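Residue-level structure breakdown
Now for the letters of each chain:
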Amino acid sequence: MPSEPFYDPLRSYEENYRRGPFGAFTAPAQPAAAAVASSPRSRFLGLPVALPLGIPAGPLLNANFVRAALQHGFNLPVYKTVRTHAHASHAWPNVLPVQVEGDLLPSAGRLIAGAVYSDPLSITNSFGVPSFDPDVWQPDMAAAAASAGSGQVVIGSFQGTKSENGSVDAYIADFVLGARLVKETGVRVVEVNLSCPNEGTANLLCFDVARTQRIVEAIKTVLGNTPLVIKIAYFPDDEALLHLLRAVGHTADAISAINTISAEVVDARGGQALPGEGRLRSGVCGAAIRWAGLEMTGRLKALRERLGMRFEIVGVGGVTTPADYAAYRKAGADAVMSAAGAMWNPSLAQEIAVQSFRETDSVMARQSAAAPREEPAHAR
Ligand SMILES: Cc1cc2nc3c(=O)[nH]c(=O)nc-3n(C[C@H](O)[C@H](O)[C@H](O)COP(=O)(O)O)c2cc1C
């Protein structure tokens, strides 16, 4: 595991924004691997992509991070979730390693935060979805979108903010404004975060199906032909997932799953690990949630078939090796994304590209060797 991740948890969010990315993301990618990663062989939401692999919303704070991700073969980078107005980050620290034995279940008890990032890598993150004003992020997101090369697509993520007087109409209007502002930047695909676990609310928006449906339909009206990805959490209950899909599965163009799984995180003495009100619980990601991302991918695929729907599936959660990428694709993911894994291994996309193209080429070679040869015309 490289010593310096491209987002450095030892620095504040603001310093990462100003001075990042760090580590290997500051160096140019290996030219041969970059070339492998950029020849379009696949499609995502109708757009040509070399390898349908990206970094989900969060770790790519601005255009500098997105450019580095593109150069390192992450062809589907998501520009971090923004809001319609400035919003400060939670206090530092925002990322800590956590000790998890095996799979993290939604019902898990308290986790202990460690000091060392080691394999199998699991972390907690808690930022509170900070954002600059649109005056700042719109031109930056536009620059990020414009840096996509052949076979690459930049995705812009946003979310609405609850109004102080609790008005639902104002909340929905904020989502609509956010969608319009993100679309104006020229990103080819827009993602809405319906599953933020660090908002200090007990329940996630995507579990409120009626409200989610109103929001997704309102956003889609503004977006028109620009594809919409909805980012959802792990649904323990298949009936609840079915209910959500019936409500929004025809409107959303893709479903990205999963966001982090929320857990209580304490330090070695049993005290709250992250400072401040409402931060005893925070989102956990990395290896410990891979099972949940894979399971959701399989369930989304099965339900899509059962309901005769066409949304694409973005598999997220615990992707840290080429084998994880392959497992997600096998489970039915049309695209795969890695956050924690990519942060600590910026060469991950190149490793996956080499492995995946080697496999595709050997299948094609086997198929063409097995296919009956066409006789030359003069021999007939
Ligand atoms: C540093 C960090 C920040 C994140 N911020 C966001 C965010 O702003 N919006 C969002 O939808 N998900 C956010 N996430 C969640 C990731 O997009 C992803 O769903 C989750 O980390 C699971 O993937 P992983 O196991 O590969 O890390 C963040 C994750 C990390 C590690």
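The notes below deal with the structure included here.

Cut-offs applied
Sequence order as written defines the numbering, with residues in each chain counted from 1. Local features in this predicted model are restricted to residues whose pLDDT is 70 or higher, and side-chain atom pairs enter the listing and the counts only when it is 80 or higher, whereas totals over whole chains, interfaces and linings include all residues. Computation of side-chain values covers all heavy atoms of the structure but excludes hydrogens and water. To qualify as a helix, a DSSP run of H or I must reach at least 4 residues; to qualify as a strand, a run of E must reach at least 2; elements of each kind are numbered from the N terminus. Throughout, the radius of gyration refers to the C-alpha atoms, and the reference size of a globule is 2.2 Å times the residue count to the power 0.38. Throughout this description, buried means an accessible area under 20% of the type-specific maximum (1.4 Å probe, protein chains only), exposed means over 50%, and partly exposed covers the range between. The contact criterion used is simple: two residues touch if any of their non-hydrogen atoms lie within 4.5 Å. Using a 1.4 Å probe, accessible areas were evaluated by the Shrake-Rupley method; residue-level cover was limited to the displayed protein chains. His residues and chain termini do not enter the charge count, which takes Lys and Arg as positive and Asp and Glu as negative. We put the charge of a Lys on NZ, of an Arg on CZ, of an Asp on CG and of a Glu on CD. Criterion used throughout: strands pair if DSSP finds at least two bridges between them. An axis is simply a line fitted to the C-alpha atoms; with a helix, the fit covers only the stretch in contact. Between two such axes, the angle follows the N-to-C directions and lies from 0 to 180 degrees. Put simply, a salt bridge is a Lys or Arg side-chain nitrogen that is within 4 Å of an Asp or Glu carboxyl oxygen. Polar contact is defined as a pair of N or O atoms within 3.5 Å, subject to the rule that within protein one atom must be able to donate a hydrogen and the other to accept it, and that residues adjacent in sequence are counted only when both atoms are side-chain atoms. Working rule for helices: expected span equals 1.5 Å times residues minus one. The handedness rule is simple: strands pointing away from the viewer, and a clockwise path from the first strand over the helix to the second, make the crossover right-handed.

1. Some words on the overall build of the chain
- Across its full length, the chain holds eleven helices and 15 strands.
- For a compact globule of 380 residues, the expected C-alpha radius of gyration is about 21 Å, and the chain comes in at 21 Å, within 12% of that figure.
- Its C-alpha atoms give the chain principal-axis dimensions of roughly 80 × 45 × 40 Å.
- Expressed as a percentage of its 380 residues, the buried residues of the chain come to 55%.
- For the chain, long-range pairs separated by at least 24 residues make up 74% of all intrachain contacts whose partners lie at least 6 apart in sequence.
- Just so you have it, the chain exposes about 16,200 Å², and 52% of that area is on carbon and sulfur atoms.
- For the chain, the distance from the average position of its 33 positive side-chain charges to the average position of its 35 negative side-chain charges is 4 Å.

2. As for the sheet that holds strand β4 (residues 76–82)
- Ordered in space as β3-β4-β8-β9-β10-β11-β14-β15, the eight strands form a closed barrel in which the pairing is parallel. Neighbour-to-neighbour, the strand axes of this sheet turn through a mean angle of 25°, independent of strand direction.
- Sheet topology note: the strand β9 (residues 189–193)/strand β10 (residues 228–232) ladder contains four bridges and is parallel. Pairing of asparagine 193 across the sheet is with lysine 231, part of β10.
- Against the sheet, helix α5 (residues 168–184) engages β4, β8 (155–158) and β9, with an angle of about 155° to β8.

3. A word on the environment of proline 227
- Structurally, proline 227 is set in the loop between α6 (209–223) and β10.
- Taking the C-alpha atoms as reference, proline 227 lies 8.4 Å from glutamate 191; in sequence the two are 36 residues apart.
- Other than its neighbours up to four places away in sequence, proline 227 contacts Leu45, Arg188, Val189, Val190, Lys220 and Asp253.

4. Topic: the pattern of salt bridges
- The tally for this structure, following the rule as stated, stands at 15 salt bridges.
- Residues aspartate 253 and lysine 220 are paired through a salt bridge, measuring 2.8 Å at the closest nitrogen-oxygen approach. Of this pair, aspartate 253 sits in the loop between α7 (238–248) and β11 (254–257) while lysine 220 is found in helix α6, placing the two residues 33 residues apart along the sequence.
- According to the relative accessible area criterion, aspartate 253 is partly exposed, its value standing at 24%.
- Among the ionic pairs, arginine 299 bridges to aspartate 238, the shortest N-O distance being 2.8 Å.

5. Quick look at the pairing of strand β12 (residues 261–266)
- Bridge count for strand β6 (residues 111–113) against β12 is two bridges, and the pairing is parallel. Each residue of the ladder has a partner; that of leucine 111, found in β12, is valine 265.
- Strand direction decides the pairing type here: β12 and strand β13 (residues 281–286), joined by four bridges, are antiparallel. Bridge pairing links isoleucine 261 to valine 284 in β13.

6. Focus: the side chain of asparagine 193
- Mapping asparagine 193 onto the fold places it in strand β9.
- Looking at asparagine 193, its side chain comes within polar contact range of the main-chain nitrogen of serine 195, at 3.0 Å.
- Not counting residues up to four positions away in its chain, the partners in contact with asparagine 193 are Thr81, Ser157, Phe158, Gln159, Phe175, Lys231 and Asn259.

7. Points about helix α8 (residues 290–307)
- The first and last C-alpha atoms of α8 sit 26 Å apart over 18 residues, in line with the 26 Å expected at 1.5 Å per residue.
- Where α8 is concerned, the buried positions are Trp291, Ala292, Gly293, Met296, Thr297, Arg299, Leu300, Leu303, Arg304 and Leu307.
- The secondary structure elements touched by the buried residues of α8 are β10, α7, β11, β12, β14 (312–316) and α9 (322–331).
- Just past α8, the residue glycine 308 takes up positive phi, approximately 65°.

8. Regarding the pairing of β4
- In terms of residue burial, β4 counts as a mostly covered element, since seven of its seven residues are buried.
- In this structure, strand β3 (residues 53–55) lies alongside β4, joined through two bridges in parallel fashion. Residue pairing across strands places glycine 54 opposite leucine 76, the latter belonging to β4.
- In this view, the connection linking β3 to its parallel neighbour β4 by way of helix α3 (residues 63–71) has right-handed handedness.

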